[in-house]
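In case you want the letters, here they are:
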Amino acid sequence: QVQLVESGGGLVQPGGSLRLSCAASGSIFSIHVMGWYRQAPGKERELVATITSHGTTNYADAVKDRFTISRDSAKNTVYLQMNSLKPEDTAVYYCNSRRYTNSAPIDYWGQGTQVTVSS
């Protein structure tokens, strides 16, 4: 079992920046990939960015070159640095951890943090 706690959401102006944090606890040794997802009203939850246990990153096209995912292994924490924010980035952002098995992967989710981009 993994517990994930997000923080850092809030209101920001278009073009501004925001940094999200996700602190992991529990069976963190079992995590293969951590990532950020987001869900806007009326939309499906979508992948934003992922980072593997080896440090390999992946980004959705909509956020590539604007967002950066990183990790601090000593603090068991992953971050999402969001720059050049747009109104369409407004969503609830969720932290995710994934462990791969021989069948289906095992996912855990944080409670979500609201990000609102508005003037």
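Structurally, Arg19 can be placed in strand E3 (residues 18-26). On the basis of relative accessibility, which here comes to 46%, the residue Arg19 falls in the partly exposed class. The spatial distance from the C-alpha of Arg19 to the C-alpha of Val2 is 22 Å, given a sequence separation of 17 residues. Look past the residues within four positions of Arg19 in its chain and what remains in contact with it is Ser7, Gly8, Tyr79, Leu80 and Gln81.

Let us now look at the pattern of salt bridges. On inspection of all chains with the given rule, the structure shows five salt bridges. A salt bridge links Asp107 to Arg98, with the shortest nitrogen-to-oxygen separation between them at 2.8 Å. Members of the salt-bridge network, linked through shared partners, are Arg38, Glu46, Arg66 and Asp89.

In this section: the packing of aromatic side chains. Under the definition given, this model contains one aromatic pair. Note on Tyr37 and Trp109: the rings are 5.0 Å apart at their centroids and 70 degrees apart in plane angle, and the pair reads as edge-to-face. On the criterion of sequence distance, the pair formed by Tyr37 in strand E4 (residues 33-39) and Trp109 in strand E10 (residues 106-109) is long-range, its members being 72 residues apart. Judged by its relative accessible area of 15%, Tyr37 is buried. Here Trp109 falls in the partly exposed class, since its relative accessible area comes to 35%. One residue, Arg45, lies across the ring of Tyr94, its end atom 3.8 Å from the ring centre. For the cation-ring pair, Arg45 lies above Trp109, with the distance from its terminal atom to the ring centre recorded as 4.6 Å.

This brings us to the sheet that holds strand E7 (residues 67-72). Across the sheet, four strands lie side by side as E1-E3-E8-E7; this open sheet has antiparallel pairing. In this open sheet, the two edge strands, each paired with only one partner strand, are strand E1 (2-7) and E7. Within the sheet, the average angular offset between the axes of one strand and its neighbour, ignoring direction, is 20 degrees. One ladder, built from six bridges, connects E1 with E3; its direction is antiparallel.

Counting residues in each nonpolar core, the largest one holds 25 residues, and the members touching the most others are Met34, Trp36, Leu80, Met82 and Tyr93. The set of elements that each furnish at least two residues to this core consists of E1, E3, E4, strand E5 (46-52), E7, strand E8 (77-82), strand E9 (91-99) and strand E11 (113-117). Sequence-distant contacts of Tyr93, defined by excluding residues within four places in its chain, comprise Glu6, Leu20, Trp36, Tyr37, Arg38, Val48, Phe67, Leu80, Met82, Gly112, Thr113 and Val115.

With that settled, consider the state of the cysteines. Tallied over the entire structure, the rule returns one disulfide. Sulfur-sulfur distance for the disulfide between Cys22 and Cys95 comes to 2.0 Å. Negative torsions about the S-S bond denote left-handed disulfides, and the value of about -85 degrees found for Cys22 with Cys95 makes this one left-handed. Taken as a pair, Cys22 in strand E3 and Cys95 in strand E9 lie far apart in primary sequence, 73 residues in all. Neither residue differs from the other here; Cys22 and Cys95 are each classed as buried.

Each value, and the rule that gives it
Residues numbered from 1 in each chain as written. Predicted model: local features only at pLDDT ≥ 70, side-chain atom pairs only at ≥ 80, totals over all residues. Heavy atoms only, no water. Helix = DSSP H or I, 4+ residues; strand = E, 2+ residues; numbered from the N terminus. Buried < 20%, exposed > 50% of the residue type's maximum accessible area, 1.4 Å probe, protein only. Contact = heavy atoms within 4.5 Å. Salt bridge = Lys/Arg side-chain N within 4 Å of Asp/Glu carboxyl O. Phe/Tyr/Trp six-rings, centres within 6.5 Å; stacked < 30°, edge-to-face > 60°. Lys NZ or Arg CZ within 6 Å of the ring centre and 35° of its normal. Pairing = 2+ DSSP bridges. Axes fitted to C-alpha atoms, helices over the stretch in contact; angles between N-to-C directions. Core = buried A, V, L, I, M, F, W, Y, C linked by side-chain atoms within 4.5 Å. Disulfide = S-S within 2.5 Å.

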